[in-house]
2 protein chains.
Amino acid sequence: MPDSSFQDYYPDHMAHCYGCGRLNEFGHQIKSYWDGEESVCHFQPDAHHISIPGYVYGGLLASLIDCHGTGTAAAAGYRAEKRAMDSEPALRYLTASLHVDYLKPTPLGILLEVRGRVKEVKGRKVVIEEWINANGVITVRGELVAVQVPDQLVLELLGQKK
Amino acid sequence: MPDSSFQDYYPDHMAHCYGCGRLNEFGHQIKSYWDGEESVCHFQPDAHHISIPGYVYGGLLASLIDCHGTGTAAAAGYRAEKRAMDSEPALRYLTASLHVDYLKPTPLGILLEVRGRVKEVKGRKVVIEEWINANGVITVRGELVAVQVPDQLVLELLGQKK
């Protein structure tokens, strides 16, 4: 793994997300990396991230698919433009749609592996397919359509920051 | 609104969910009710449930769709069987699949209204369509396929409880 995750490159004004923002002290602060043609993120749910006893809450699993997906979308955007993630302009994506299939209950108390694969990069849109691996068993499959944050919204955010 | 929400009727061994369990002191503890043919839940995100500044984190919105949906599925199950939610056997549902379309950013700092409508009740499966209303604007639409918790899993949970 490289030292810096996809999320480490998010500009400060877009690094507050509860799921993936390194500046959100209350959040999950997930970290995603390339692993060849796939992206990978490891996450250990807390004991209170429970659904039925012994299993992980589906909302958290959806959140992992969501934020690992937008992170992978950003990394895929830079790759498509053949430039480094610390180059300008910064690319950041929002989720347009999210689909999650819960194949079987995901056990609580173990480190989960979230994996992603880029299905499509087309203009400002990126489609990522993902899955969650719990001790060698795929318990969740998901797909995310991400779109680059609109320029007008970026300007508004920078305005808020001043 | 009646005094008791759908989630108040969950049996104790299924009332620990981070999203909707009344026994999860760290969780969201959402409360859902019938409002005629629709179900409704109100939820105020915290300041740290942020995505980009000023807007709600998509993972939380997916969680609301998820847990309001499984709650509505349970209530729909009792309705289909023409019996009260405090009658036995208790009905509890898991999410089989979740789809969320983020139509526009959802503003942070206001009370959100999550609404659901039953599309289908067929055997152990219930399909719920949902939407999130932020100050009169629908920002999110979702659909959830819920399935009744398998009997074997219920027995295991009750075994854990002993």
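Residues numbered from 1 in each chain as written. Chains lettered and ligands numbered in written order. Predicted model: local features only at pLDDT ≥ 70, side-chain atom pairs only at ≥ 80, totals over all residues.

Draft legend 1. Highlighting the overall build of chain A. A count of helices and strands for chain A gives 2 helices and 6 strands. When the elements of chain A are put in sequence order from the N terminus, they spell out β-β-α-β-β-β-β-α. Taken over C-alpha atoms, the radius of gyration comes to 15 Å for chain A, in line with the 15 Å a tight globule of 162 residues would show. Taken over 162 residues, chain A has a buried fraction of 44%. For chain A, contacts bridging at least 24 residues in sequence account for 63% of all contacts bridging at least 6. (Helix = DSSP H or I, 4+ residues; strand = E, 2+ residues; numbered from the N terminus. Rg over C-alpha atoms; globule rule 2.2 N^0.38 Å. Buried ≥ 20, exposed ≤ 12 C-beta atoms within 10 Å, placed from the backbone. Contact = placed C-beta atoms within 7 Å.)

Draft legend 2. Representation of the relation of the copies chain A and chain B in the model. Rotating chain A by 180 degrees and translating it 0.0 Å along the rotation axis places it on chain B, where the RMSD comes to 0.0 Å. Both chain copies can therefore be described as sitting about a two-fold axis. For chain A, the residue whose C-alpha comes nearest the rotation axis is His99(A), separated from it by 2.2 Å. Of the residues that chain A buries at the interface, 100% are likewise interface residues in chain B, meaning the two copies contact each other through the same surface. (Least-squares fit on C-alpha atoms with pLDDT ≥ 70 in both.)

Draft legend 3. Seen up close, the nonpolar core. Formed by 86 residues in total, the largest nonpolar core has its most connected members in Leu61(A), Leu64(A), Leu61(B) and Leu64(B). Apart from the residues within four sequence positions on either side, Leu64(B) is in contact with Ile30(B), Phe43(B), Val114(B) and Ile132(B). (Core = buried A, V, L, I, M, F, W, Y, C linked by C-beta atoms within 7 Å.)

Draft legend 4. Representation of the pairing of strand S5 (residues 125–134) of chain B in the model. Residues and elements named next belong to chain B. Of the two faces of S5, the one holding Val126, Ile128, Glu130, Ile132 and Ala134 is buried and the one holding Lys125, Val127, Glu129, Trp131 and Asn133 is not buried anywhere. Examined bridge by bridge, strand S4 (residues 112–122) and S5 share 10 bridges and lie antiparallel to one another. Its bridge partner lying in S5, Val118 is registered against Ile128. Two successive antiparallel strands, S4 and S5, enclose a turn made up of 2 residues, where Gly123 displays a positive phi of approximately 60 degrees. The pairing of S5 with strand S6 (residues 137–148) spans 10 bridges and is antiparallel. Within the sheet, the bridge partner assigned to Val127 lies in S6 and is Val145. Connecting S5 to the next strand, S6, in antiparallel fashion are 2 residues, including Asn135 with a positive phi near 55 degrees. (Pairing = 2+ DSSP bridges.)

Draft legend 5. Just the environment of Tyr33(B), in detail. Position of Tyr33(B) among the secondary structure elements: in strand S1 (residues 32–35). C-alpha of Tyr33(B) to C-alpha of His49(B): the two residues are 16 residues apart in sequence and 24 Å apart in space.

Draft legend 6. Region of the structure containing the interface of chain A and chain B. Between chain A and chain B, the residue contacts involve 34 residues of the former and 34 residues of the latter. Elements with a minimum of two residues in the side of chain A that touches chain B: helix H1 (58–80), strand S3 (93–102) and helix H2 (151–161) of chain A. With 8 residues, the top contributor of residues to the side of chain A that touches chain B is S3(A). Taken together, the residues that form the side of chain A that touches chain B break down as 16 nonpolar, 16 polar and 2 charged. Relative to strand S3 (residues 93–102) of chain B, S3(A) runs antiparallel, the two being bridged by 5 bridges. Among the inter-strand pairings, Asp101(A) is bridged to a residue of S3(B), identified as Ser97(B). (Nonpolar A, V, L, I, M, F, W, Y, C, P; charged D, E, K, R; others polar.)

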